Amino acid sequence: MIQFFKAGAQGFTEIKECEPGCWINVEVPDDNDFSFLIHKLGIPEPMLAYTSDIEERPRIEREDNWVLTILRIPMRSHTSSVPFITVPIGIITGKCSDGASFILTICYHHTELLADFIDHMQKKSICAINEPQFILRMIFSAAYWYLTYLKRINSMVSHAEKELERSVRNRDLLQLMKMQKSLVFFNTSLRGNEVLIARVRHVFSESEMDMDLLDDVEIELKQALNTVSIYTDILNSTLDAFASIISNNVNMIMKRMTAVTIVLMVPTGIASFYGMNVNIGLSGYKYAFWIIVGVSILITGALCLVLRRCRWF
């Protein structure tokens, strides 16, 4: 899907056709979109292919008159293996063959970020004047969504902890491990975006950038990184604690089973002796059976009291 937006006093307004200086937003491109971008706008095909790699790292590179900026943004996962992932989005700036300049964003996944970015720019009447300001605002929006998803992860962790307090189940532990994976993805991507900020400083001059906006972006990224670090430590501690609880429960169960085995050995041993085909005392006594049962009960009871004092029960 391809969209065209024109910058104005009220932010970005969607238009029907491509105009000089417009913003071209492409999500999940198809063959027609690629044909338009490569043949009409003259964008190098490798630049379009870079962002298709889910593992692509944040960076800035130049090729002829084109500048490609890749940053990683968060999104909901469509698989059950992990709740949230990060994907690359490419921001291509430059001039086509007729000299018209524009900004192109291309992402091979549907995300909540881009729709929110457009809506926010319109509501706040923000207009990205030039390329570095547009890139900084996109990074700022990505940091905001990292924090948003981190809050949701924290809520999911709290819910899983409450479920585990009732009963330790594999399903809840696996859910915690999935969220741990998301935090690893977030941490790696945020650090890559942080390095990208340094590259933006190097590629673009201070006169082109809004330094106040740059400071805000750096603060937001640091806040997201600190939040990821805190949640990761909490989640690791939680998993370690529940691992210890599971191990302790197993030990308690084994100890109780051993105690029960010891207790049952007493009547079993007595019955075994009196079941032998040899002459044993009390064989001709009328109440021999009840005497043997009574002795077994007394010894078993005494053994239970001893084990209880040792806290084996």
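Everything numeric in this text was worked out from a predicted model, so none of it was measured.

Peer 1: With reference to specific residues and values, describe unusual backbone geometry.
Peer 2: Its identity as a non-glycine residue notwithstanding, Val-28 has a phi of 45°, on the positive side. The residue Val-28 is located in the loop between strand E3 (23–27) and helix H1 (31–40) in this model.

Peer 1: Go over the side chain of Glu-27, please, and point to the residues and values.
Peer 2: Topologically, Glu-27 is positioned in strand E3. Of note is the side chain of Glu-27, whose polar atom sits 3.4 Å from the backbone nitrogen of Thr-111. Apart from the residues within four sequence positions on either side, Glu-27 is in contact with Met-1, Cys-107, His-109, His-110, Thr-111 and Leu-114.

Peer 1: Can you explain a nonpolar patch on the surface? Please cite residues and give values.
Peer 2: Among the surface-exposed residues, Tyr-285, Tyr-287, Phe-289, Trp-290, Ile-291, Val-295, Leu-298 and Ile-299 lie close enough to one another that they form a single nonpolar patch of about 880 Å² accessible area. Looking at the element boundaries, Trp-290 is found in helix H7 (residues 288–309). On the accessibility criterion, Trp-290 (59% relative accessible area) is exposed.

Peer 1: Summarise the packing of aromatic side chains; cite the residues concerned and give the values.
Peer 2: Summed over all chains, the structure comprises 12 aromatic pairs. Each residue in the set Phe-84, Tyr-144, Trp-145, Tyr-146, Tyr-149 and Phe-186 is aromatic and connected to the rest through ring pairs, giving one cluster. The ring of Tyr-50 carries Arg-59 above its face, with NZ or CZ at 4.8 Å from the centroid.

Peer 1: So, the packing of helix H4 (residues 131–166) against helix H5 (residues 170–203): which residues are in play, and what are the values?
Peer 2: In contact at an axis separation of 10 Å, H4 and H5 are set at 160° when each is read in the N-to-C sense. Taken together, H4 and H5 sit at an angle that is classed as roughly antiparallel. For the pair H4 and H5, the sense of crossing is left-handed. Tallied by class, residues from the contact of H4 with H5 come to 20 nonpolar, 4 polar and 2 charged.

Peer 1: I'd like a description of the environment of Arg-171, backed by residues and values.
Peer 2: One can find Arg-171 in helix H5. By relative accessible area, Arg-171 is classed as exposed at 56%. As a C-alpha pair, Arg-171 and Ala-160 span 11 residues in sequence and 9.3 Å in three-dimensional space.

Peer 1: Which residues make up the confidence of the model for the protein, and what values do they have?
Peer 2: In regions of low pLDDT, the predicted coordinates are not meant to be interpreted in detail. Confidence in the prediction of the protein, expressed as mean pLDDT, is 83, and 93% of residues score 70 or more. Across the protein, the element-wise mean pLDDT spans from 76 in strand E2 (residues 11–15) up to 90 in strand E5 (residues 66–76).

Peer 1: Give me empty space enclosed by the protein: which residues, what numbers.
Peer 2: Over the atoms, a rolling probe the size of a water molecule traces out where space has been left empty. All told, the structure shown has 1 cavity of 30 Å³ or more when counted by the stated rule. In this structure, the largest cavity spans a volume of roughly 60 Å³. Around the largest cavity, the lining residues are Ile-153, Asn-154, Val-157, Leu-183, Tyr-231, Ile-234 and Leu-235. Every element with two or more residues in the lining of the largest cavity is listed here: H4 and helix H6 (211–274). A breakdown of the residues in the lining of the largest cavity according to their chemical character gives 6 nonpolar, 1 polar and no charged.

Peer 1: Could you give an account of H1, with specific residues and numbers?
Peer 2: If you check which residues of H1 are buried, you get Asp-33, Phe-36 and Leu-37. The buried residues of H1 all sit within an arc of 90° when viewed along its axis, so they share a single face. Exposed and oriented more than 90 degrees from the buried face of H1 are Asp-31, Asn-32 and His-39. Where H1 is buried, its residues meet strand E1 (2–8), E3, helix H2 (45–50) and strand E7 (101–107). Capping the start of H1, Asp-30 holds a side-chain oxygen 3.2 Å from the backbone nitrogen of Asn-32, two or three residues further along. In the stretch just after H1, Gly-42 is the one whose phi turns positive, near 75°.

Peer 1: So what's going on with the packing of H4 against H6? Residues and values would help.
Peer 2: Running from N to C, H4 and H6 cross one another at 20°; their axes reach a closest spacing of 9 Å. Between H4 and H6, the interaxial angle falls into the category roughly parallel. Our pair here, H4 against H6, has a crossing hand that is left-handed. Tallied by class, residues from the contact of H4 with H6 come to 19 nonpolar, 5 polar and 5 charged.

Peer 1: Residue-level account of the environment of Asp-215, with values.
Peer 2: As for its placement among the helices and strands, Asp-215 is situated in helix H6. Here the alpha-carbon distance between Asp-215 and Leu-136, two residues 79 residues apart in the chain, equals 10.0 Å.

Peer 1: Summarise the state of the cysteines; cite the residues concerned and give the values.
Peer 2: All chains considered together, the criterion is met by 0 disulfides. Residue Cys-107 stays outside any disulfide, its sulfur separated by 19 Å from that of Cys-22, the closest cysteine.

About the criteria used
Residues numbered from 1 in each chain as written. Predicted model: local features only at pLDDT ≥ 70, side-chain atom pairs only at ≥ 80, totals over all residues. Heavy atoms only, no water. Helix = DSSP H or I, 4+ residues; strand = E, 2+ residues; numbered from the N terminus. Polar contact = N/O pair within 3.5 Å; in protein donor to acceptor, adjacent residues only side chain to side chain. Contact = heavy atoms within 4.5 Å. Patch = residues over 30% accessible without salt bridge, like charges linked within 9 Å, V, L, I, M, F, W, Y side chains within 5 Å. Areas by Shrake-Rupley, 256 points an atom, 1.4 Å probe, with all protein chains shown as cover. Salt bridge = Lys/Arg side-chain N within 4 Å of Asp/Glu carboxyl O. Buried < 20%, exposed > 50% of the residue type's maximum accessible area, 1.4 Å probe, protein only. Phe/Tyr/Trp six-rings, centres within 6.5 Å; stacked < 30°, edge-to-face > 60°. Lys NZ or Arg CZ within 6 Å of the ring centre and 35° of its normal. Axes fitted to C-alpha atoms, helices over the stretch in contact; angles between N-to-C directions. Parallel < 35°, antiparallel > 145°, perpendicular 65-115°, else oblique. Left-handed = near helix turned anticlockwise from the far one by under 90°. Nonpolar A, V, L, I, M, F, W, Y, C, P; charged D, E, K, R; others polar. pLDDT = per-residue confidence, 0-100. 1 Å grid on protein atoms, 1.4 Å probe; cavity = no way out; pocket = protein on both sides within 12 Å on 5 of 7 lines; lining within 4 Å. Points joined across faces, edges and corners; volume = space filled by probe spheres on them. Arc of directions from axis to C-beta. Disulfide = S-S within 2.5 Å.

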